[in-house]
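Results of the structural survey
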Amino acid sequence: MSGWSSSLELSRPIWLIGSLTLPLLGWYFYRSLVDFSRVQRLVSLALRAAIIVLLVAALAGLTLLRPTHEQFVVFALDRSLSIGEDSRQAAEHFVDEALTTQAGHAAAFIAFAEEPAPIAADRHAPEARLNPSGTNIARVLEAAAAALPPAYVPQIVLLSDGNPTAGDAVRAALQCGVPVTTVPLATRSEPEVQVSSVQVPAQVREGEPFAVDVVIDANHDDEARVEVFRGAHQVLAERRKLKKGENRFRFEQSIVRERLAEYTVRVSGAAHDTLLDNNTASGLVFTSGKPRVLLVDSEPKQSQSLAQALEQEEIQVDVRPEAGLPDALGDLQNYELLILSNVPATALSQRQMEMVRTFVQDLGGGLIMIGGDQSFGLGGYYKTVLEEVLPVRSDFEKDKEKPSLAMVLVIDKSGSMGGEKIELAKEAAGAAVELLGPSDRIGVIAFEGESFWLSELQAAGNKSRILDEISRLEAGGGTNMYPAMEDAYDALQSANAKLKHAIILTDGISSPGDFQGLATSMASSRITVSTVAVGDGADTNLLEEIASLGHGRYYFTDDPNSVPQIFAKETVEASKSAIQEQPFLPQVMRLTPVLGGIDLKSAPFLLGYVMTRPKPTSELILISEQGDPVLAWWRYGLGMSVAFTSDAKSRWAPEWLTWPGYSKFWAQVVRHAMRKAEAHGVFVDIQQRMGRAVVTMDAANPDGQYINQAQTQLTVIDPQLGQRQLELAQVAPGRYTADFPTPRSGAYHLELSQQQGGKTISRLARGLTIGYPDELRLRPTNDELLRSLARVSGGRYNPTPSEIFAATERTAARPTPLWPYLVLAAALLWVLDVALRRIDFSLFLPLRTLAAGRRPAG
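In this numbering scheme, every chain counts its residues from 1 along its sequence in written order. In keeping with the model being predicted, local features are shown solely for residues with a pLDDT of at least 70 and side-chain atom pairs are shown and tallied solely at 80 or more, while totals for entire chains, interfaces and linings include all residues. Processing note: side-chain calculations cover all non-hydrogen atoms of the structure and skip hydrogens and water entirely.

Pairing is antiparallel in the open sheet, where 3 strands are placed in the order E7-E9-E12. Only two strands of the sheet have a single partner each, and these edge strands are strand E7 (193–199) and strand E12 (245–253). Neighbour to neighbour, the strand axes of the sheet diverge by 25° on average, direction disregarded. Strand direction decides the pairing type here: E7 and strand E9 (residues 210–218), joined by 6 bridges, are antiparallel. When the bridges of E9 are listed, Ser197 appears paired with Val215. Note on pairing: DSSP must find at least two bridges between two strands before they are called paired. Put simply, DSSP H or I for four residues or longer makes a helix, DSSP E for two residues or longer makes a strand, and each gets a number counted from the N terminus. To get an axis, a line is fitted to the C-alpha atoms, and for a helix only the part in contact is used. The angle between two axes follows their N-to-C directions and goes from 0 to 180 degrees.

Patch building starts from residues that exceed 30% relative accessible area and form no salt bridge, then joins like charges within 9 Å and nonpolar side chains (Val, Leu, Ile, Met, Phe, Trp, Tyr) within 5 Å. All accessible areas in this document rest on Shrake-Rupley with a 1.4 Å probe, and a residue is counted as covered only by the protein chains that are shown. What makes a salt bridge here is a side-chain nitrogen of Lys or Arg within 4 Å of a carboxyl oxygen of Asp or Glu, nothing more. Residues Ile14, Trp15 and Leu59 make up a contiguous nonpolar surface patch of about 320 Å² in total accessible area. Mapped onto the secondary structure, Leu59 falls in helix H2 (residues 38–59). You can call Leu59 partly exposed: its relative accessible area is 41%. A 1.4 Å probe rolled over the protein chains alone gives each residue an accessible area, and that area as a share of the maximum for its type sets the label: buried under 20%, exposed over 50%, partly exposed in between.

The next point concerns the sheet that holds strand E41 (residues 812–817). Taken in spatial order, the 3 strands of this open sheet run E1-E2-E41, and their pairing is antiparallel. With partners counted over all chains shown, the strands left at the sheet margins are strand E1 (7–10) and E41, one partner each. Adjacent strand axes in the sheet meet at a mean angle of 40°, parallel and antiparallel pairs treated alike. As paired elements, E1 and strand E2 (residues 62–68) share 4 bridges and run antiparallel to each other. Bridging from a neighbouring strand, Glu9 pairs with Thr63 of E2.

Bringing the side chain of Asp718 into the picture now. Relative to the helices and strands, Asp718 resides in the loop between strand E35 (711–717) and strand E36 (723–727). For Asp718, a relative accessible area of 16% corresponds to the buried category. Contact between two residues is taken to exist if any of their heavy atoms lie within 4.5 Å; hydrogens are not considered. Excluding its chain neighbours within four sequence positions, the residues that come into contact with Asp718 are Arg744, Ala747 and Tyr748.

With that out of the way, let us pick up the confidence of the model for the protein chain. Per-residue confidence from the predictor is reported as pLDDT, a score between 0 and 100. Mean pLDDT over the protein chain works out to 87, with 95% of the residues at or above the 70 mark. Here residues 850–858 scores under 50 on pLDDT; set against residues more than four positions off or in separate chains, the count is 3 contacts.

This paragraph deals with the pattern of salt bridges. According to the stated counting rule, one finds 29 salt bridges in the structure shown. In this structure, Glu190 engages Arg188 in a salt bridge whose closest nitrogen and oxygen atoms are separated by 3.4 Å. For Glu246, the salt bridge goes to Arg248, with nearest N and O atoms at 3.1 Å. According to the relative accessible area criterion, Glu246 is partly exposed, its value standing at 43%. Because the salt bridges share partners, they merge into one network encompassing Arg553, Lys569, Glu570 and Glu573.

The next subject is the pairing of E2. As paired strands, E2 and E41 are joined by 6 bridges and run antiparallel to one another. Residue pairing for E41: Leu65 is matched across the bridge by Pro815.

The contact between helix H6 (residues 304–312) and helix H16 (residues 662–673) brings their axes to 9 Å, and the two run at 75°. Accordingly, the angle class assigned to the pair H6 and H16 is roughly perpendicular. In contact with Ser305, Leu306, Ala309, Leu310 and Gln312 of H6, H16 contributes Tyr662, Ser663, Trp666, Ala667 and Val670. Nonpolar residues are Ala, Val, Leu, Ile, Met, Phe, Trp, Tyr, Cys and Pro. Charged residues are Asp, Glu, Lys and Arg, and all others, Gly as well, are polar. Residue classes in the contact of H6 with H16 are distributed as 7 nonpolar, 3 polar and no charged. Geometric relationships in this document are graded by angle, where less than 35 degrees denotes roughly parallel, more than 145 denotes roughly antiparallel, 65 to 115 denotes roughly perpendicular, and other angles denote oblique.

Each aromatic pair joins two rings of Phe, Tyr and Trp (for Trp, the six-membered one) with centres within 6.5 Å, and gets the label stacked for planes under 30 degrees apart, edge-to-face for over 60, and tilted for any other angle. Applying the stated rule across the entire model yields 14 aromatic pairs. Connected via pairs of aromatic rings, a cluster forms that spans Phe644, Trp656, Trp659, Phe665 and Trp666. Over the aromatic face of Phe286 sits the side chain of Arg766, whose NZ or CZ is 5.5 Å from the ring centroid. Charges are assigned to positions over rings by a cutoff of 6 Å between ring centre and Lys NZ or Arg CZ, combined with an angular limit of 35 degrees from the ring normal.

Counting through the fold element by element, Phe605 comes out in the loop between strand E27 (587–588) and strand E28 (609–610). Overall, Phe605 belongs to the partly exposed group, its relative accessible area being 37%. Each C-alpha atom, one on Phe605 and one on Phe556, is 38 Å from the other, the two residues being 49 residues apart in sequence. Discounting chain neighbours no more than four positions away, the residues touching Phe605 are Pro583, Phe584, Leu585, Glu655 and Trp656.

What follows covers the nonpolar core. Generally speaking, a soluble globular protein has its nonpolar side chains buried in company with each other. Buried residues of nine kinds, namely Ala, Val, Leu, Ile, Met, Phe, Trp, Tyr and Cys, make up a nonpolar core once their side-chain atoms join them within 4.5 Å. Judged by nonpolar contacts, the single largest core of 44 residues is most densely connected at Leu338, Leu340, Leu367, Tyr381 and Leu386. When residues of this core are assigned to their parent elements, the largest contribution, 5 residues, is made by helix H8 (residues 350–361). The residues contacting Tyr381, other than those within four sequence positions of it, are Leu340, Val343, Pro344, Ala345, Leu348, Met369, Gln374, Ser375, Phe376, Leu386, Glu387 and Ser394. Counting residues in hydrophobic clusters, the runner-up holds 41 residues, among them Leu306, Leu310, Val669 and Ala673.

It is worth spelling out the layout of surface pockets at this point. As a volume, the largest pocket reaches approximately 1400 Å³. What lines the largest pocket is a set of 50 residues, and nearest its centre among them are Gln688, Leu768, Thr769, Ile770 and Arg777. The greatest single-element share of the lining of the largest pocket, amounting to 7 residues, is contributed by strand E33 (residues 682–689). Residue composition of the lining of the largest pocket, by class: 18 nonpolar, 22 polar and 10 charged. Space inside and on the surface of the protein is sampled on a 1 Å grid over the protein atoms alone, with a cavity defined as a set of points where a 1.4 Å probe fits but cannot get out and a pocket as an open set with protein on both sides within 12 Å along at least 5 of 7 lines; lining residues have an atom within 4 Å of a point. Grid points are joined across faces, edges and corners, and a volume is the space filled by probe spheres set on the points.

Okay, here's the thing in structure tokens:
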């Protein structure tokens, strides 16, 4: 703004409506009965009008705007990791020199990295805790522009290497409307070696050779060991010479029996290397081939028959024990289907259950749970995450002919059980109550320094009363378990029930007592005792001995979240009611193409199953002769979940193992439930830059024609199993694109599906890995970006320090509010107006003479 002179403005022009009172003054003037002279009344009218005008102008915010050349400069100082100590000192020196020419101008300072710190008037003020592993120039420009006061000529001086890792800096410079002067800083000069990228094809055929291209950058000549891993297995290790700049290496690879392979390249042993966090990078490769199934069994040898049957049907099977269930979603993505055969919920962590749900619901995977004495309700799945996924419920209507159960829960309520532990203990006790039948009896004893009944032994049908009593449990006090265990023994000994059971839960070491003798007495009275040790602070040896002497089961868990599963498992197992072990022939409840070609009428007997209840929207395919579910399934999210309540091995299906339809039955059920990969003519490209991933999908039909106007959805699962869904927008014939932020390091799993006319025409899975932050990459100073910021904003590129506060033709409007002067003038006029309304000035000769139109005598 140049060539500008002073002016007036109204900051609140709405108050000009007050000028409408002026006509009222005129009306009052003509209607007034005051007998003062006309001249005096006209002067009073003029004064009142002037007072109103002055007050209205004051209320309307009349302001005098005067031009000023005084500048306000905000210095934005880059504090990210890519700025070395030499550049940091150079920036400090630049600012010091600039401030020597500050004269009457104002200055402020703002440090930034991934986020800006609060603006400060003192450059040496303590900086806020900055995260140096990122650079967001856009955010600091916005913060600096917002902090600039309006009465100065504004300027932002950006001292940076111009390598942002997030945000659109050019757009921010355009939008802030403030000249941005850029001062380039050199990037780190310390010796550095990094793995810049691992380039692999997005998808290959099984067994097809492909290249793994590795880019390693160094800012000096060196030699290092280069290792290539596929998953946890090392496939290559070589010593390589590295020259200054970019070094490219290629390794030939092929994949067999894996659907998703993560290739990780690691550099080590360099003579000179400052940062080690950037020595590793990864890439993901998907393969197409035979479908793969992961079969997890508590007794893997017992599942060999099922595995061989599926292999005969061209389905690859990996058999693992309980401990082999993956902990990472990327490992589970290697399979189209997960089979849990007689695996208890107590063998799975909460994260593993959440991971399986994500695999089914969001990534379209399949899940089959096969029965056994450790499955469904017997495995403690009641009210778990996996029970939500299954098409059946683990609770059921207890058969009246089943033996009645009397059970006492002995729960530690000492101070160490406070917080989450006591809440989970209450939840576990509540689940046990809900699983019992009306003819069963249950009581709850709590103990700390002493023992007391939280809920007396009573019929489990009184659920609301018992649950209310359990909800009052609070932690506090010491640990003395023996009196509580003795009270449970006395109550169960006198109870009228065929089965008697006690569950003891504690996380500490109890005061002494004859626990071994009491456990032996309970066993002699046909009372079984199970114990649950929570955490390393519990007396695990004593609890294990009590369970052994009491003919019960011992559990140890270091995760309090598993306590409800343990109680549910114990309750169902103790009640002896969840298993139906009588030979039966499965009955077809609903015809389905999945069973096409299978003569179930000729199928042999099954010898037992786990009792469950079907969920309302599930498809009940096979039932027992009593009407209980045997085979049921439903769609859960993008995937399919199946429950087979009998087993597939020698305990309940010994005759099925030799039945000719066994292989075909299981193969068709597995193929029905597994993830469907339909991606012919579809190519997906994923690029990651500036903290965002850009997904581009090109789709064509078998005739080579572009697929247009199709509904294309993307499901993204981040490394913390967070889920989000995006719609891909069509940007060209057959091309769809979307982007999403990638703030966390780790694997991102993507599920893409495309529909047209209400029919799914393609579905495929992809992924990408986010390694070390871009801030750690070797990059030169981005002069091009810094020049662009200066050009689009009207600033300067790389000025000298003395030019920062140099005189400029630009001016700013310096406002001076006039309301104090206006109000003061109105007050003075008001005093004069009061005088005109109280004193008749016509009594004085000059006025009387003037009123008569005569001049006074000489």
